[in-house]
Amino acid sequence: MKKEFVKLGELYNITSGGTPSRKNNLYYEKGTIPWIKTGDLKKMYISEASEYITQLGLENSSAKMFPKGTVLLAMYGATIGNSSILNIDAATNQACAAFLPDNRIKPEFLYYYLNRIKNKLVALGVGGAQPNISISILKGIEIPLLTLNEQEKIVSLLNKSRALIEKRQAQIAALDELTQSVFIEMFGDPVTNPNGWEIVDLKEIAEYFIGLTYKPNDVSDEGIVVLRSSNIQNGVIDLNDIVRVKKEVNDKLCVKQNDILMCSRNGSARLVGKVALIPELEEKMTFGAFMTIIRSEYYNYLYNYFQNIAFRRQITSGATTTINQITKKMLDSIRLPLPPMSLQNEFAHKVEQIQYNKKILQTSLLELNNLYNALIQKAFKGELFHDNLM
């Protein structure tokens, strides 16, 4: 039987919140009302906010309360297209579109559907430097209207697939923590330097380059691969989402095996500073302007140092605002302990098995992600529960 589609605007009263004036401390100090911003839309469920407002702030702004079960979607900003389900009653800012609970659609079903069409939503965003998915755009989006029983079957299947992905991600994170433990055990805390290693400037032991600037017209199906922030996943290079440009590239901007690729600029401060080691490559590649390559004979040590809290402390020292970029000047100011090369080689040997296991888990994670993407496509096309479709 043919599926019935209905516009979101016919199901939901889609609205958004607001921001109490930052000039009035009474709107924020000792606030107890969770106030959700787009940066909080990271997980499927939101159970706490990164910021709270007062009742006075709520009453004197466009912010409004939304009940548990409301689905939120980031209409603009660094997390544009992200969505989450409120697991608490909360207010939001104006960048969050709110879909209040409706007895015809399970919140989880809507959440997964919005995830499935995230790229489409972002592409529909209007505006220049900061695309905006307007509420009018959201009202026009169609969703398959299935029975609650059918929705529950789809949600249950996708929940199981997602749980496997989260389990694998946790295993990879545990291996990263183990590597950092070995790092501290062998070299000591880089901040306190208990072993009294020689302190050096980063610029003495490494050279670094900002990446390639290119125009949209340079992007092509052919040409050289440009590594970007999305090509760093869990500390390794991921080539599942690549961009190529047809442009002459200076040899200095071509990555080499054992270079450290760092995300040096991003709308999300959390992603700034993430690194990956360049493996042996099958073709020539360069890197984008928001990325930095760090080249050094001490690459194994530096790769792990950059993942240590000591590095982030140095680049944020004295900063009064969130760091959204790491400049060459900031790297020039980095001073760090430098253990002898023999000990660095011993460290590299010790973590070799950890990295091998991590690679296996990364492959498994990729397969699980591919399976999840296939399931979510089939589910909303009606190919998984064909007999029960309306």
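Residues numbered from 1 in each chain as written. Predicted model: local features only at pLDDT ≥ 70, side-chain atom pairs only at ≥ 80, totals over all residues. Heavy atoms only, no water.

Participant: Explain the packing of helix H3 (residues 107-116) against helix H11 (residues 341-381) to me, and be specific about the residues and the numbers.
Facilitator: Pairs of packed helices are described in terms of their axes, by the angle between the two and the distance that separates them. Between H3 and H11, the shortest axis-to-axis distance is 10 Å and the interhelical angle comes to 110°. With respect to their mutual orientation, H3 and H11 come out roughly perpendicular. Regarding H3 and H11, the two cross each other, and that crossing is left-handed. Residues Phe109, Tyr112, Tyr113 and Arg116 of H3 lie in contact with H11, whose contacting residues are Tyr372, Ile376, Gln377, Phe380 and Lys381. In terms of residue class, the contact of H3 with H11 is built from 6 nonpolar, 1 polar and 2 charged. (Axes fitted to C-alpha atoms, helices over the stretch in contact; angles between N-to-C directions. Helix = DSSP H or I, 4+ residues; strand = E, 2+ residues; numbered from the N terminus. Parallel < 35°, antiparallel > 145°, perpendicular 65-115°, else oblique. Left-handed = near helix turned anticlockwise from the far one by under 90°. Contact = heavy atoms within 4.5 Å. Nonpolar A, V, L, I, M, F, W, Y, C, P; charged D, E, K, R; others polar.)

Participant: Describe the layout of surface pockets, naming the residues involved and giving the relevant values.
Facilitator: There is about 200 Å³ of room inside the second largest pocket. For the second largest pocket, the full set of lining residues is Gly39, Asp40, Lys42, Lys43, Tyr45, Ile46, Ser47, Glu48, Ala49, Ser50 and Ser84. Residues that form the lining of the second largest pocket fall into these classes: 3 nonpolar, 4 polar and 4 charged. (1 Å grid on protein atoms, 1.4 Å probe; cavity = no way out; pocket = protein on both sides within 12 Å on 5 of 7 lines; lining within 4 Å. Points joined across faces, edges and corners; volume = space filled by probe spheres on them.)

Participant: Can you tell me about the side chain of Asp201, naming the residues and giving the values?
Facilitator: Considering the arrangement of structural elements, one finds Asp201 in strand E12 (residues 198-201). A distance of 2.8 Å separates the side chain of Asp201 from the side chain of Arg335, its partner in a polar contact. (Polar contact = N/O pair within 3.5 Å; in protein donor to acceptor, adjacent residues only side chain to side chain.)

Read these as spatial facts, not as claims about activity.
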